Amino acid sequence: MRFWTIQPLGVWRQMESGVAVRVDPEHPKYGGKRPWQYDWLAEALRRNRSGFDGGWPWWLSCKKPDVDRLVSSKLPGGREQAMIELELPQDRYATFPLWVWETIYCGQFVAFARETFDEWYRERRAAIPESEGGPLPEPWRTQLESSWELLFDQGIERRCWYRDAELPDEGDELHVLMRDASDEMAALTQELRASDTVEVTRFDALG
């Protein structure tokens, strides 16, 4: 399947030298932080996809980016950039609707239907006073994290019901998540390899 990724030119030069380039979680750009969401994702991919071994994945685009727009953007890694087009075998990528990852990233419950979603939050709020902070108690924590495994459900809809649902009040923790839900697809791979490359387009972005 065909994918694209925008990377600093230095990443392409590593690939060109024959290195299978992996994400470095200790890279200075992460500011010494390891968001729990990315550690969870790496481990979930390891459990569910044979082509992933527990390292942080690269994010890929499922549609060709518009380089003409990118040249006027300030991108990570400096001015010299590369759009790398890849052809990947099925065992080395994972795809899913982006709205599912957005929900997980926000630490919220994933549901394929409004009724399931509303029921879980209604029961959780009845059981746990809003004033209580800290980690969710059981069984709510297990239920929440189990819902995230739907990221790997092959029957998942690209367009989430969030897009057509009535939004909760602005003060509700779910308001922004539902209002801004994406209807795009996301893709991931463990390594960037020159042998997978179809074409490389070098360009200069804002420094």
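Reference entry: report on the structure contained in this document. (Residues numbered from 1 in each chain as written. Predicted model: local features only at pLDDT ≥ 70, side-chain atom pairs only at ≥ 80, totals over all residues. Heavy atoms only, no water.)

**Topic: unusual backbone geometry**
Glycine aside, residues mostly have negative phi angles, and peptide bonds mostly take the trans form.
And then number 1: With an omega of 5°, the peptide bond between Glu138 and Pro139 qualifies as cis.
And then number 2: In this fold, Pro139 is placed in the loop between α5 (114-127) and α6 (140-148). (Helix = DSSP H or I, 4+ residues; strand = E, 2+ residues; numbered from the N terminus.)

**Notes on the packing of helix α2 (residues 36-48) against helix α4 (residues 98-105)**
And then number 1: Where α2 meets α4, the closest approach of the two axes is 10 Å, and the angle between their N-to-C directions is 125°. Classified by the angle their axes make, α2 and α4 are oblique. Mapping the contact onto sequence places Trp36, Gln37, Tyr38, Trp40 and Leu41 in α2 and Trp101, Ile104 and Tyr105 in α4.
And then number 2: Here the contact of α2 with α4 is composed, by residue class, of seven nonpolar, one polar and no charged. (Axes fitted to C-alpha atoms, helices over the stretch in contact; angles between N-to-C directions. Parallel < 35°, antiparallel > 145°, perpendicular 65-115°, else oblique. Contact = heavy atoms within 4.5 Å. Nonpolar A, V, L, I, M, F, W, Y, C, P; charged D, E, K, R; others polar.)

**Some points on the nonpolar core**
And then number 1: Ranked by internal contacts, the top residues of the largest apolar core, which has 34 residues, are Trp40, Ile104, Phe117, Leu151 and Tyr162.
And then number 2: The dominant element in this core, judged by the number of residues it contributes, is α4, at five residues.
And then number 3: Residues Phe3, Ala42, Leu86 and Ala187 belong to the second largest nonpolar core, which totals 18 residues. (Core = buried A, V, L, I, M, F, W, Y, C linked by side-chain atoms within 4.5 Å. Buried < 20%, exposed > 50% of the residue type's maximum accessible area, 1.4 Å probe, protein only.)

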